[in-house]
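Structural overview
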Amino acid sequence: FDFDPVSAKSVSAHVAHFFDPSLISPGSRDSLNQSEKRWLNRIVMMLRGAEAGELSVREKDWDFEEPEEGIKSQRHLWTDEMAQEDSARGTRGQRKRNNQGEGCRSLAVMKHKFGWIKCGNDIEAITLYGKSGVKPTNRNAQLHKLAANLDTEVTRLIDAGLEFHDCNLQEIVLALDDEHKYWPKFKASEGWIRMWKDRYRVTSRHITKIVSVKTNRDKETTKKQVEDLQMKVEAIVAEHPDICIWNCDQSGLVKEAVGKRTLARK
């Protein structure tokens, strides 16, 4: 762990001077503390590796899945032809699958006949298709749509200047899933919310500026109070022209419950 403070300006100056000695020297290496020296060594090593083609940086793309214990989702995109062919050939088995007399070939046979059949859930999906006509959907693709819809709602909240947190994201995404029926049994777990925030560059921020809405909300009421006060003062001054008026003190109280943090774009 690095406990010494790190100056990005000092480290970057030494890095630049390391690769181009013609630049103005930022001072001796001894001017850096131990943490800054370690960061300097790391950055120089990574840049050397990248320059030599020995280092590459890859960003892992999130597949929008929410891991569920014991469940393997369809990782492929179903087409109408795939679903119809699977349903026609898969439900003509001689072996009875349940008490209703429904037959289905074994998973091993179906995997051999159809390369896209991977697990028992695929068999259940095509069985459901044969009953209801609802084409099997790719879970990852459906959750991709849900994530994009959530991003639209979050943009609206940010533009409106509203305070919201992870728990609010869970409520919003569950409501969206319930409304549009993206995927059954979607739980909006903490891990899924965390990965969504990383993908769409949303993070928790400290609120440094609070703008009271009371002034705009009570604008008409305040204007009327000012006019009434002005009329009273003018009446008193008219009756007592030699009066002295002292404005001793003004105090403003704004009682609004505001938080210290909210979610915002990085």
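Small disclaimer: the values here were computed from a predicted structure and weren't measured.

A few words now on the overall build of the protein. Counting its regular elements, the protein contains ten helices and two strands. Reading the protein from its N terminus to its C terminus gives the helix and strand order α-α-α-α-α-α-α-α-β-α-α-β. In the protein, which comprises 266 residues, the proportion classed as buried is 26%. At a minimum sequence separation of 6, the contacts of the protein that also span at least 24 residues come to 68%. Here the protein has roughly 19800 Å² of accessible surface; of this, 53% comes from carbon and sulfur atoms.

Any region with low pLDDT has predicted coordinates that should not be read closely. Here the protein averages 77 in pLDDT, and 65% of its residues register 70 or above. Mean pLDDT in the protein bottoms out at helix 3 (residues 80–90), which sits at 56, and peaks at helix 7 (residues 166–180), which reaches 93. pLDDT under 50 marks residues 68–75. Its contacts with residues more than four places away, or in other chains, come to 17 contacts.

Our focus in this paragraph is the side chain of Lys197. By the secondary structure assignment, Lys197 is in helix 8 (residues 190–199). Residue class for Lys197 comes out buried when judged on its relative accessible area of 13%. Not counting residues up to four positions away in its chain, the partners in contact with Lys197 are Asp166, Leu169, Val202 and Leu263.

By size, the foremost hydrophobic cluster in this structure holds 21 residues, and its most contacted members are Leu150, Leu169, Val173, Trp192 and Trp196. For this core, the secondary structure elements donating two or more residues are helix 6 (139–159), helix 7 and helix 8. Considering each element in turn, this core owes the most residues, six residues, to helix 6. Ranked by size, the runner-up nonpolar core spans five residues in total, among them Val11, Val15, Leu32 and Leu40.

A few words on the packing of aromatic side chains. Scanning the model with the defined rule gives three aromatic pairs in all. Here Phe186 and Trp192 contribute two aromatic rings whose centre-to-centre distance is 5.1 Å and whose plane-to-plane angle is 80 degrees, an arrangement assigned as edge-to-face. The exposure classification of Phe186 matches that of Trp192, with both residues buried. Just above the ring of Trp39 sits the side chain of Arg42; from NZ or CZ to the centre is 4.8 Å.

Moving on, we come to a nonpolar patch on the surface. Nonpolar side chains collect at one region of the surface, where Leu229, Val233, Ile236, Val237, Ile243 and Ile245 lie side by side and expose about 500 Å² of accessible area between them. Here Ile243 lies in the loop between helix 10 (219–239) and strand 2 (261–265).

In the structure shown here, the tally under the stated rule is six salt bridges. Ionic pairing is found between Arg265 and Asp151, a salt bridge with its closest N-O pair at 2.7 Å. Note that Arg265 is positioned in strand 2 and Asp151 in helix 6, a separation of 114 residues in sequence. Of the residues examined, Asp151 reaches a relative accessible area of 18% and is grouped as buried. Taking the shortest distance from any N to any O, the salt bridge between Asp218 and Arg217 comes out at 3.7 Å. Given the relative accessible area of 56%, Arg217 is considered exposed.

Okay, the environment of Ile43 next. By the element assignment, Ile43 lies in helix 2 (residues 34–51). Between the C-alpha atoms of Ile43 and Val11, which are 32 residues apart in sequence, the distance is 9.1 Å. Those residues within four positions of Ile43 in sequence are excluded, and the remaining contacts are Val11 and Val15.

Now for the environment of Ser10. Along the chain, Ser10 falls in helix 1 (residues 8–19). Once the C-alpha coordinates of Ser10 and Glu36 are considered, the two residues, 26 residues apart in sequence, prove to be 8.1 Å apart.

With that settled, consider unusual backbone geometry. The phi torsion at Lys181 lies on the positive side, around 55 degrees, for a residue other than glycine. Along the polypeptide, Lys181 turns up in the loop between helix 7 and helix 8. Since its relative accessible area comes to 59%, Lys181 is described here as exposed.

The rules behind the values
- For every chain, the first residue of its written sequence is number 1, and the numbers climb from 1 along that sequence.
- It should be noted that, the model being predicted, local features are given only for residues of pLDDT at least 70 and side-chain atom pairs only at 80 or more, the latter also being counted only at that level, while totals for whole chains, interfaces and linings use all residues.
- Side-chain calculation: all heavy atoms of the structure are included, whereas hydrogens and water are not.
- We count a stretch as a helix when DSSP gives it H or I for four or more residues in a row; a strand needs E for two or more, and each element gets its number in order from the N terminus.
- Accessible area is worked out with a 1.4 Å probe on protein chains only. A residue is then buried under 20% of its type maximum, exposed over 50%, and partly exposed in between.
- We call two residues in contact whenever any of their non-hydrogen atoms come within 4.5 Å of each other.
- Method for areas: the Shrake-Rupley scheme with a 1.4 Å probe, in which residue coverage is limited to the protein chains shown.
- Across the chain, each position has a pLDDT score giving the predictor's confidence in that residue, from 0 to 100.
- Each nonpolar core is a collection of buried residues, namely Ala, Val, Leu, Ile, Met, Phe, Trp, Tyr and Cys, held together in the definition by side-chain atoms within 4.5 Å.
- Pairing of aromatic side chains requires ring centres within 6.5 Å, counting the rings of Phe and Tyr and the six-membered ring of Trp. Pairs whose planes differ by under 30 degrees are stacked, by over 60 edge-to-face, and all others tilted.
- The criterion is that NZ of a Lys, or CZ of an Arg, lies within 6 Å of the ring centre and within 35 degrees of the ring normal, and then a charge sits over that ring.
- Each patch is assembled from residues with relative accessible area greater than 30% and no salt bridge, linking like charges that lie within 9 Å and nonpolar side chains (Val, Leu, Ile, Met, Phe, Trp, Tyr) that lie within 5 Å.
- Any Lys or Arg side-chain nitrogen found within 4 Å of a carboxyl oxygen on Asp or Glu counts as a salt bridge.

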